[in-house]
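# Chains, contacts and geometry: an overview
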Amino acid sequence: MGPHPAVAAIRLAVRRVLHDVLTEHSTDSAHSTDSAHGIDAAHGTGPAAPTTADKQPLVLVACSGGADSMALASALAFEARKLAVRAGGITVDHGLQDGSAQRAAEVAGRMSALGLHPVEAVTVTVGREGGPEAAARDARYAALDAAAERHGATAVLLGHTRDDQAETVLLGLARGSGIRSLSGMAAVSGAAGRYRRPFLELDRQTVRKACVAQELAVWDDPHNADPAYTRSRLRHEGLPALEKALGKGVVEALARTAQLSRDDADALDSWAADAETAVRDDAGRLECAKLFGLPPAVRRRILRRAMIAEGAPAGSLFARHIEEVDRLITGWRGQGAINLPGRVEARRQGGRLVIRQG
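The structure displayed is predicted, hence computed values, not measured ones.

The subject of this paragraph is the sheet that holds strand β8 (residues 338-340). The strand order β7-β10-β9-β8 describes an open sheet built from 4 strands, whose pairing is antiparallel. Among the strands making up the open sheet, the edge pair consists of β7 (286-287) and β8. Here β7 pairs with strand β10 (residues 352-357) via 2 bridges, running antiparallel. Note on β10: the bridge partner recorded for Leu286 is Leu353. Strands in contact with helix α12 (residues 296-309) are β7, β8 and β10; relative to β10, the strand with the most contacts, it is inclined by about 35 degrees.

Rolled over the atoms, a probe as big as a water molecule pinpoints where empty space is left. As a volume, the second largest pocket reaches approximately 560 Å³. Counting only elements with at least two residues in the lining of the second largest pocket, the list comes to α1 (5-43), α6 (162-175) and α10 (250-276). Among the elements that take part in the lining of the second largest pocket, α1 stands out by supplying 6 residues, more than any other. In terms of residue class, the lining of the second largest pocket is built from 13 nonpolar, 3 polar and 8 charged.

Put simply, α6 and α10 touch, their axes get as near as 8 Å, and they point 70 degrees apart. It follows that α6 is roughly perpendicular to α10 by the angle criterion. For the crossing formed where α6 meets α10, the hand is left-handed. Residues Arg162, Asp163, Gln165, Ala166, Val169 and Leu170 of α6 pack against Val251, Glu252, Leu254, Ala255 and Ala258 of α10.

Below, the discussion takes up helix α8 (residues 204-213). What α8 keeps buried is the set Arg204, Thr206, Val207, Ala210 and Cys211. Along the axis of α8, the buried residues cluster in a sector spanning 165 degrees; they form a single face. Away from the buried face of α8 by more than 90 degrees, exposed residues Gln205 and Val212 are located. Sitting at the amino-terminal end of α8 is Asp203, which places a side-chain oxygen 3.2 Å from the backbone nitrogen of Gln205. Within two residues after α8, Glu215 carries a phi angle of roughly 55 degrees, on the positive side.

In this structure, Val59, Leu76, Leu116 and Phe199 are the most contacted members of the largest nonpolar core, which totals 34 residues. Those elements giving two or more residues to this core turn out to be α1, β1 (58-62), α3 (67-80), α4 (100-113), β4 (155-157) and α8. Residues in contact with Val59, not counting those within four places in the same chain, are Leu18, Val21, Leu76, Val85, Arg86, Ala87, Gly88, Ala155 and Leu157. By size, the runner-up hydrophobic cluster in this structure holds 24 residues, among which are Ala275, Leu291, Leu294 and Ala346.

Bridge analysis of β8 against strand β9 (residues 344-349) gives 3 bridges, and the strand direction is antiparallel. Looking across to β9, one finds that Ile338 is bridged to Ala346. Adjacent in sequence and paired antiparallel, β8 and β9 are bridged by 3 residues, among which Gly342 carries a positive phi angle near 80 degrees. The sheet contact formed by β9 and β10 spans 6 bridges and is antiparallel. The residue of β10 that forms the bridge with Arg347 is Val354. Hairpin connection between β9 and β10: a loop of 2 residues separates the two successive antiparallel strands, and Gly350 in this loop has a positive phi of roughly 55 degrees.

Confidence in the prediction for the protein chain averages 90 pLDDT; 92% of positions are at 70 or higher. Contacts from residues 39-50, a stretch scored under 50 in pLDDT, to residues over four places away or in other chains number 5 contacts.

Two modes of strand pairing occur in sheets, parallel and antiparallel, and in both the strands are linked by backbone hydrogen bonds. On the basis of which strands lie adjacent, the open sheet formed by 6 strands has the order β3-β2-β1-β4-β6-β5 and mixed pairing. The strands lining the two open edges of the sheet, one partner per strand, are β3 (119-123) and β5 (188-189). Here α3 sits on the sheet in contact with β1, β2 (86-93) and β4, set at roughly 160 degrees to β1. Packed onto the sheet, helix α5 (residues 132-151) meets β1, β2, β3, β4 and β6 (195-196) and runs at close to 145 degrees relative to β2.

For the structure shown, the criterion picks out 26 salt bridges. Residue Asp220 pairs with Arg208 through a salt bridge whose shortest N-O separation is 3.0 Å. In this pair, Asp220 is assigned in the loop between α8 and α9 (230-246) and Arg208 in helix α8, connecting sequence segments 12 residues apart. Given a relative accessible area of 48%, Asp220 falls into the partly exposed group. Between Glu276 and Arg280 there is a salt bridge, with its nearest N and O atoms 2.9 Å apart. According to the relative accessible area criterion, Arg280 is partly exposed, its value standing at 26%. Taken together, the shared-partner salt bridges in this structure form one network comprising Asp164, Glu167, Arg204, Arg231 and Arg235.

Reading the values: the criteria
Residues numbered from 1 in each chain as written. Predicted model: local features only at pLDDT ≥ 70, side-chain atom pairs only at ≥ 80, totals over all residues. Heavy atoms only, no water. Pairing = 2+ DSSP bridges. Helix = DSSP H or I, 4+ residues; strand = E, 2+ residues; numbered from the N terminus. Contact = heavy atoms within 4.5 Å. Axes fitted to C-alpha atoms, helices over the stretch in contact; angles between N-to-C directions. 1 Å grid on protein atoms, 1.4 Å probe; cavity = no way out; pocket = protein on both sides within 12 Å on 5 of 7 lines; lining within 4 Å. Points joined across faces, edges and corners; volume = space filled by probe spheres on them. Nonpolar A, V, L, I, M, F, W, Y, C, P; charged D, E, K, R; others polar. Parallel < 35°, antiparallel > 145°, perpendicular 65-115°, else oblique. Left-handed = near helix turned anticlockwise from the far one by under 90°. Buried < 20%, exposed > 50% of the residue type's maximum accessible area, 1.4 Å probe, protein only. Arc of directions from axis to C-beta. Polar contact = N/O pair within 3.5 Å; in protein donor to acceptor, adjacent residues only side chain to side chain. Core = buried A, V, L, I, M, F, W, Y, C linked by side-chain atoms within 4.5 Å. pLDDT = per-residue confidence, 0-100. Salt bridge = Lys/Arg side-chain N within 4 Å of Asp/Glu carboxyl O.

As structure tokens, then:
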């Protein structure tokens, strides 16, 4: 008799991601070996034979102890034993609740009991910039990046589900910040594709059923039910209200919207990257007349890229900033310089758009 259907579903999702990681790792290793052979041959020496451990990529799971990440940790431990993959785990203690250090230690213990190694509990200090949710997320990803570098991990698995994706799309819609916000979370993201989200096509209920079927101890973070947090209100009030008004299938439709939006946004980004060279003069300055002839979605992407290149922080650039600079091209009436985040300014001079540090 096979595993519970929910358990089989989470294992299959993780297995697919691990196969992708192994394929990419094999390609990278082959390139590295070819380079090593070339260098060693030039010096008249043979390359050192890689050890078995060197050949096996390390994959970490980011585990909070909740149902989503515990299910992910169990599936990683199970699948890694059948593949040439080393599997470890990281839990992050945000220090925002009483007893958080003890809970982090307990989560680390549970991951070790599953057979994951290395396992580490990392404590972070959460700032205030961008609000509590954004600050905690920034601190968490910084800790995960550092842990991946420290352990030489090829990938870090995250337990976001289809329900999380639907919430992210709705939050992006509420911000009104464009199609990229509606793209939600990518299945692969981060530097060199470090972050992988195997559960984006699975719903939260399936993941919880897998935990029950495997008798996995889980911890329900009270912040997830606290109405002080926007995502919590959306989860417990907003989405249920939408399903009541529109019927079942809202979560699936929002997740599908995320993928379609991501495809469109990627295509527009590619178009903008190709078009940028054509709208610059020989000195590399942006020509307003040529920018004016581009579709707005492409033009605004070029403007945003130019602002970031001059030092404007990407996370601080909002739609209103882009629109104000865009009016220097489409609604020119002699207006002065526009101040942007990061002490960057944009002004129109002699038919050129000049963006630079102020």
